[in-house]
Amino acid sequence: MSTLKFIMEHNQRVLHLSLEHIGIVGLSLIIATIIGVPLGIMITKYKNLAKPVLNTANVLMTIPSIALFGIMLPVLAMVNLGLGKVPAIIALVLYSQLPIIRNTYTAIKNVPPAVVDAGKGMGMNRWQLLKEIEIPISIPLILAGLRTAAVMNIGIAAIASYIGAGGLGVLIQQGINRVYPEMILSGAILVSLLAIIVDGGMGLFEYLVTPKGIKIQRKLVQWESSLKN
Amino acid sequence: MIKYDSVTKIFGVGKEAVTALDNINFTIKKGEIVVFLGPSGCGKTTTMRLTNKLDTITRGSISINGESIAEINEVKLRQRMGYVIQEIGLFPNKTIAQNIAVVPRLLGWPRHKINNRVDELLHMTNLEPGLYRNRYPAELSGGQQQRVGVARGLAADPEIMLMDEPFGAIDPINREQIQDEFLRVQSKIKKTIAFVSHDIHEAIKMGDKIALFDNGKLIQYDVPEVILTRPKNKFVADFVGADRALKVLGLMRVSEVTNFKPQNIIAGTDNAQTAHKFLEENDFRYGIVVDNNKPLGYVTLKNLKYENGLVIDVVENYPHFEEKSSSLRDVLSYMLMHTLMTFCVVDDNGDFIGTVSYNDIQRAVKKSYSDEAEKDWKEV
């Protein structure tokens, strides 16, 4: 109850920090998508690039976030950007790459070969094939990757407050310093809530942009397998 | 017209090189269906994929109406050819209408022309446009999906169709039906068609000509009747099967062997004893009873012997009358089922036009096999 009271009393600051948090995660997700989706598609076409790219993304993801901030600090300090939002966003973009690239790659790879063959054989060029067939069919899986990245980044962004990026992590960090449980809890609860809401929202978005034909196909497959059981 | 000139295709290089096609020469004439037939790995699908440049030719050339495909941009080339495959490959994210409209849209047709064409094709393939236009592929049965696949191939009215086992994934009953439908459509639109199949029955039914492949070589290229009756070597004979005489029967029509002037005709209104005498004197074992040009049935000597009334009172019905266009295979099957040696042939109005007998069929089959050809391949 006292946590709720804390939030009410500091609503202006809490709102500001929440928006900051959303801003950092949102911007990094947009940048990560712009890099990751084309990269994921590209490695389906240039097959020998697939392994190195996926491995690199994999390694990036295994580095603990606090360590990544530490590593980037001296590098970015050279251009006077060692602390603040920029290193936070760079880190979040790097972390997002694995789920986004991997899902995009898998999705495009899993488009039935017959469908691709039919498209090619009918005289679609590469770009038309991608735009009209491969991407629409892959959309659900690509968005699932974005969803994973978004939820994960909300958590990592909370840690970025240690390098002065702002966001809801500030509440947790300052709460710990001041031994102020209501402050810690309000930060923790809001971050969790944000993650849950974004997860739900992305799920809904995924449903809305999935082509109708794919939804029907999926439903029929489910229905058939339920008949077998 | 598609001309294959010394076409050779080698996959891989060096030690791993595999010759998929070895010096293939033949020509598909305009308006003909040529079935590329053979066991798997024989090169039939490769030949087709070379035609629309899905694979690239190693040596030799393919030309369309005299123009080498090497000179034509691959995307342009493919848009000129309808493409239908066994796995159908409908785009699951597009409606039936959008699927069919793909190539016309790529070619930049105006919208109303595309819409009219889609409806026309749905009608042609027996799918009610109002019902199916806005559905998605997943909502259709396999047979319906393949009809859409064919419609999509025909959409931009291409001169040439490439069909890779187009009806292979459909159950046998639906396959028969969709083959018949396609032949009916083809008789009107007269496309030049390369049709890949591994099924000899399908090849005989669909093909104006059959190109039989084995191991990357074109073994025999001819009309189905010749492939069946004069197989070039043991491979062809084995491939077409020991029952090839029956397959020839499937190609022959009743009208080819009908006896149009049978002598043992009796009128239904004749007196039974007169009829009995007529049959006995002419040494016929039975008579065909015809009344007002309609066949009624048949009578045997035994039927008539103790009958004092009219022939019509003792006539035995035929279970079935044959039409001119029935295949001899079907007729023979009826003969075996009903243990009858002769059937009446009727025209479209059901009027009697002649008879077809077991002996007639046997003679026809014998005639279609030349003895030398049989000997030829035995020596090979």
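Placed above this text is the structure.
Residues numbered from 1 in each chain as written. Chains lettered and ligands numbered in written order. Predicted model: local features only at pLDDT ≥ 70, side-chain atom pairs only at ≥ 80, totals over all residues. Heavy atoms only, no water.

Q: Lay out the overall build of chain A in plain terms, naming residues and giving numbers.
A: In terms of helices and strands, chain A carries ten helices and zero strands. Secondary structure elements of chain A, listed N to C terminal, follow the sequence α-α-α-α-α-α-α-α-α-α. By principal-axis analysis of the C-alpha atoms, chain A measures approximately 65 × 50 × 30 Å. Here chain A holds 229 residues, and 48% of them are scored as buried. Within chain A, contacts between residues separated by at least 24 positions form 76% of all contacts whose residues are at least 6 apart in sequence. About 11900 Å² of surface is accessible on chain A, with carbon and sulfur atoms providing 70% of the total. (Helix = DSSP H or I, 4+ residues; strand = E, 2+ residues; numbered from the N terminus. Buried < 20%, exposed > 50% of the residue type's maximum accessible area, 1.4 Å probe, protein only. Contact = heavy atoms within 4.5 Å. Areas by Shrake-Rupley, 256 points an atom, 1.4 Å probe, with all protein chains shown as cover.)

Q: Can you lay out the overall build of chain B for me, pointing to particular residues and giving the numbers?
A: In terms of helices and strands, chain B carries 17 helices and 16 strands. The C-alpha radius of gyration of chain B comes to 26 Å, more than 25% above the 21 Å expected for a compact globule of 380 residues. Taken along the three principal axes of its C-alpha coordinates, chain B extends 85 × 60 × 35 Å. Looking at chain B as a whole, 51% of its 380 residues qualify as buried. (Rg over C-alpha atoms; globule rule 2.2 N^0.38 Å.)

Q: Provide a residue-level description of helix 16 (residues 358–368) of chain B, including the pertinent values.
A: All names here are of chain B. Of the positions making up helix 16, those classed as buried are Asp360, Ile361, Ala364 and Val365. Angularly, the buried residues of helix 16 cover 130° about the axis, an arc narrow enough to put them on a single face. More than 90 degrees from the buried face of helix 16, the exposed residues found are Arg363, Lys366 and Lys367. Of the surrounding secondary structure, the elements contacted by the buried residues of helix 16 are helix 12 (244–251), helix 15 (328–338) and strand 16 (352–357). (Arc of directions from axis to C-beta.)

Q: Please provide a residue-by-residue account of the packing of helix 6 (residues 113–121) of chain A against helix 7 (residues 126–159) of chain A, values included.
A: Residues and elements named next belong to chain A. Their axes nearest at 11 Å, the elements helix 6 and helix 7 cross at an angle of 165°. Here helix 6 lies roughly antiparallel to helix 7, going by the angle between them. Here helix 6 and helix 7 pass one another in a crossing that is right-handed. Where helix 6 approaches helix 7, its residues Val115, Val116, Gly119 and Lys120 are matched on the opposing element by Leu129, Ile133, Glu134 and Ile137. Of the residues contributing to the contact of helix 6 with helix 7, the split by class is five nonpolar, one polar and two charged. (Axes fitted to C-alpha atoms, helices over the stretch in contact; angles between N-to-C directions. Parallel < 35°, antiparallel > 145°, perpendicular 65-115°, else oblique. Left-handed = near helix turned anticlockwise from the far one by under 90°. Nonpolar A, V, L, I, M, F, W, Y, C, P; charged D, E, K, R; others polar.)

Q: Account for empty space enclosed by the protein, with residues named and values stated.
A: Residue and element names in this part refer to chain B. For the structure shown, the criterion picks out two cavities of 30 Å³ or more. Counted as a void, the largest cavity has a volume near 80 Å³. Lining of the largest cavity is provided by Met124, Thr125, Arg147, Val150, Leu154, Phe167, Ile178, Glu181, Phe182 and Val185. By residue number, the principal contributor to the lining of the largest cavity is helix 8 (residues 172–189), which donates four residues. (1 Å grid on protein atoms, 1.4 Å probe; cavity = no way out; pocket = protein on both sides within 12 Å on 5 of 7 lines; lining within 4 Å. Points joined across faces, edges and corners; volume = space filled by probe spheres on them.)

Q: Describe the nonpolar core, with residues and values.
A: Across soluble globular proteins, nonpolar side chains show a tendency to be buried alongside one another. If you look at the biggest cluster of nonpolar residues, it comprises 110 residues, and the most contacted ones within it are Phe26, Phe36, Ile100, Met163 and Phe167 of chain B. No other element matches strand 3 (residues 33–37) of chain B, which puts five residues into this core. Three or more residues apiece are contributed to this core by two domains, here domain 1 (2–241) and domain 2 (255–364) of chain B. Formed by 46 residues, the second largest nonpolar core is a distinct cluster that contains Leu130, Ile139, Met183 and Val191 of chain A. (Core = buried A, V, L, I, M, F, W, Y, C linked by side-chain atoms within 4.5 Å. Domains from an automatic or database assignment.)

Q: Can you lay out a nonpolar patch on the surface for me, pointing to particular residues and giving the numbers?
A: All names here are of chain A. Taken together, the side chains of Leu27, Ile30, Ile31, Ile34 and Ile35 define a hydrophobic patch exposed on the protein surface, amounting to about 450 Å² of accessible area. Inspection of the secondary structure assignment puts isoleucine 34 in helix 2 (residues 11–45). Among the residues examined, isoleucine 34 registers a relative accessible area of 59% and is labelled exposed. (Patch = residues over 30% accessible without salt bridge, like charges linked within 9 Å, V, L, I, M, F, W, Y side chains within 5 Å. Salt bridge = Lys/Arg side-chain N within 4 Å of Asp/Glu carboxyl O.)

Q: For the sheet that holds strand 14 (residues 322–323) of chain B, give the residues involved together with the corresponding values.
A: Note on sheets: strands pair through backbone hydrogen bonds, and any given pair is parallel or antiparallel. All names here are of chain B. Overall, mixed pairing links the three strands, which are arranged 14-15-16 in an open sheet. The strands lining the two open edges of the sheet, one partner per strand, are strand 14 and strand 16. Bridge analysis of strand 15 (residues 342–346) against strand 16 gives five bridges, and the strand direction is antiparallel. Across the sheet, valine 346 pairs through a bridge with phenylalanine 352, a residue of strand 16. Across the face of the sheet, helix 15 comes into contact with strand 14, strand 15 and strand 16 while running at roughly 135° to strand 15. (Pairing = 2+ DSSP bridges.)

Q: Please provide a residue-by-residue account of the interface of chain B and chain A, values included.
A: Many authors give the size of an interface as the accessible area that is lost as the parts come together. Contacts between chain B and chain A engage 26 residues on the former and 23 residues on the latter. Of the roughly 2000 Å² buried where chain B meets chain A, counting both sides, 69% is carbon and sulfur surface. The largest per-residue losses of area from chain B upon contact with chain A belong to Phe91, Pro92 and Asn93 of chain B, which jointly make up 27% of the total buried on that side. Taken together, the links from chain B to chain A amount to three salt bridges. Between glutamate 132 of chain A and lysine 94 of chain B there is a salt bridge whose closest N-O contact spans 3.1 Å. For the side of chain B that touches chain A, the secondary structure elements donating two or more residues are helix 2 (74–79), strand 6 (81–85) and helix 4 (102–106) of chain B. Within the side of chain B that touches chain A, the residues separate by chemical class into 14 nonpolar, five polar and seven charged. (Buried area = accessible area lost by both parts, 1.4 Å probe.)

Q: Go over the environment of leucine 129 of chain A, please, and point to the residues and values.
A: Residues and elements named next belong to chain A. Relative to the helices and strands, leucine 129 resides in helix 7. With a relative accessible area of 5%, leucine 129 lands in the buried category. Residues leucine 129 and glycine 119, spaced ten residues apart in sequence, show a C-alpha to C-alpha distance of 6.4 Å.

Q: Pulling in residues and values, what's your account of the pattern of salt bridges?
A: Side chains carrying opposite charge are able to pair once their charged atoms draw close together. Scanning the entire structure with this criterion turns up 22 salt bridges over all chains. Note that arginine 49 of chain B is salt-bridged to aspartate 117 of chain A, the shortest N-O span being 3.2 Å. One end of the pair, arginine 49 of chain B, is in helix 1 (residues 44–51); the other, aspartate 117 of chain A, is in helix 6, on a second chain. Its relative accessible area of 22% is what places arginine 49 of chain B among the partly exposed residues. The partner of glutamate 67 of chain B in a salt bridge is arginine 80 of chain B, and the shortest N-O contact between them spans 4.0 Å.

Q: I'd love a proper account of helix 10 (residues 212–228) of chain A, names of residues and values included.
A: All names here are of chain A. Helix length check: helix 10, at 17 residues, gives a terminal C-alpha distance of 25 Å against a target of 24 Å (1.5 Å per residue), a fit within 8%. Buried residues of helix 10: Gly213, Ile214, Lys215 and Ile216, and no others. Buried positions along helix 10 lie against helix 7 and helix 9 (181–209). (Expected span 1.5 Å × (residues − 1).)

Q: If you had to explain the environment of tyrosine 286 of chain B to someone new, which residues and values would you point to?
A: Residue and element names in this part refer to chain B. Take tyrosine 286: it is sitting in strand 12 (residues 286–291). Along the primary structure tyrosine 286 and serine 63 are separated by 223 residues, whereas in three dimensions their C-alpha atoms are 61 Å apart. Side chain to side chain, tyrosine 286 and threonine 342 meet in a polar contact 2.6 Å long. (Polar contact = N/O pair within 3.5 Å; in protein donor to acceptor, adjacent residues only side chain to side chain.)

Q: Before we move on, can you summarise the sheet that holds strand 13 (residues 294–300) of chain B with the specific residues and values?
A: Residue and element names in this part refer to chain B. Overall, mixed pairing links the three strands, which are arranged 11-12-13 in an open sheet. One side of each edge strand has no neighbouring strand; the edge strands of this open sheet are strand 11 (265–267) and strand 13. The sheet shows a mean angle of 35° between the axes of neighbouring strands, direction not considered. Looking at chain direction, strand 11 and strand 12 are connected through three bridges and run parallel. The residue of strand 12 that forms the bridge with isoleucine 266 is valine 289.

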